[in-house]
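This is what each chain is made of:
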Amino acid sequence: MNHIAIFIDAENLTNWIKHDGVQSLMDELLPLGQIVVRKAYGKWSSPQLIPMQSTLNENGFELVHTFHPVSGKNSTDIKMTVDTMEVALDSQVQWIVLATGDSDFSPLFRKLREQGKEVIGVGPKSPLSECVKNSCSRYIYTDDTTAMDDDSGAEAISRSEERRVGQECRSR
């Protein structure tokens, strides 16, 4: 049986967590194997994150508190990266799921693939997520933009935008 580790950057995905995104993700991952690591990262004393704690706890997540000693610095990303690499190097986990809306994690996605791990990225559809998507085994969008029907009135990324994003991704 495959082992799965999930790491959630709660500070970047508050809306997704509020709208049952965590439960949907867990349901989607069940056919892949057993989820053995569940961690969610954030400054849990923050008013935006306090309401999410119960949802994450109910789904068996360890809440990793990260204190930001200097405004604008993101200790959450660093802690999540360190913990992810620790699990990747020291365990029998085959699948690593990184739920974040932050393209700064692209080098981590690539390094995990180099280590022979299957990587699932989770985040909103955006030009930046398209770059991250190229470094993943699979990418799950946190919004409905990929499941739009023709009557929704919403538009997908234009072909020229797709080409521009593709060029940016290759130049990194």
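Residues numbered from 1 in each chain as written. Predicted model: local features only at pLDDT ≥ 70, side-chain atom pairs only at ≥ 80, totals over all residues. Heavy atoms only, no water.

(A) Broad picture of helix α2 (residues 21-29). Those residues of α2 that fall on the buried side of the exposure criterion are G21, V22, L25, M26 and L29. The buried side chains of α2 occupy one side of the element, clustering within an arc of 135 degrees when seen end-on. (Buried < 20%, exposed > 50% of the residue type's maximum accessible area, 1.4 Å probe, protein only. Helix = DSSP H or I, 4+ residues; strand = E, 2+ residues; numbered from the N terminus. Arc of directions from axis to C-beta.)

(B) A look at unusual backbone geometry. In this structure, D20 is a non-glycine residue whose phi angle is positive, near 60 degrees. Turning to its location among the elements, D20 is positioned in the loop between α1 (14-18) and α2.

(C) A look at the environment of V93. Residue position: V93 is located in the loop between α4 (75-90) and β4 (95-99). Judged by its relative accessible area of 3%, V93 falls in the buried class. The spatial distance from the C-alpha of V93 to the C-alpha of I35 is 9.1 Å, given a sequence separation of 58 residues. Ignoring any residue separated from it by four or fewer positions in sequence, one finds V93 in contact with H3, I4, A5, V36, V87 and K117. (Contact = heavy atoms within 4.5 Å.)

(D) Fine view of the sheet that holds β4. Read across the sheet, 6 strands follow the order β3-β2-β1-β4-β5-β6 without closing on themselves; strand pairing throughout is parallel. This sheet does not close on itself; its edge strands, each paired only once, are β3 (62-65) and β6 (138-141). Strand-to-strand twist in this sheet, taken as the mean axis angle between neighbours without regard to direction, amounts to 20 degrees. One ladder, built from 5 bridges, connects strand β1 (residues 3-9) with β4; its direction is parallel. Considered in β4, the bridge of A5 is made with I96. Docked against the sheet, α2 engages β1, β2 (34-42), β4, β5 (118-123) and β6, running at close to 160 degrees with respect to β1. Packing against the sheet, α4 makes contact with β1, β2, β3 and β4, and its axis sits at approximately 175 degrees to β1. (Pairing = 2+ DSSP bridges. Axes fitted to C-alpha atoms, helices over the stretch in contact; angles between N-to-C directions.)

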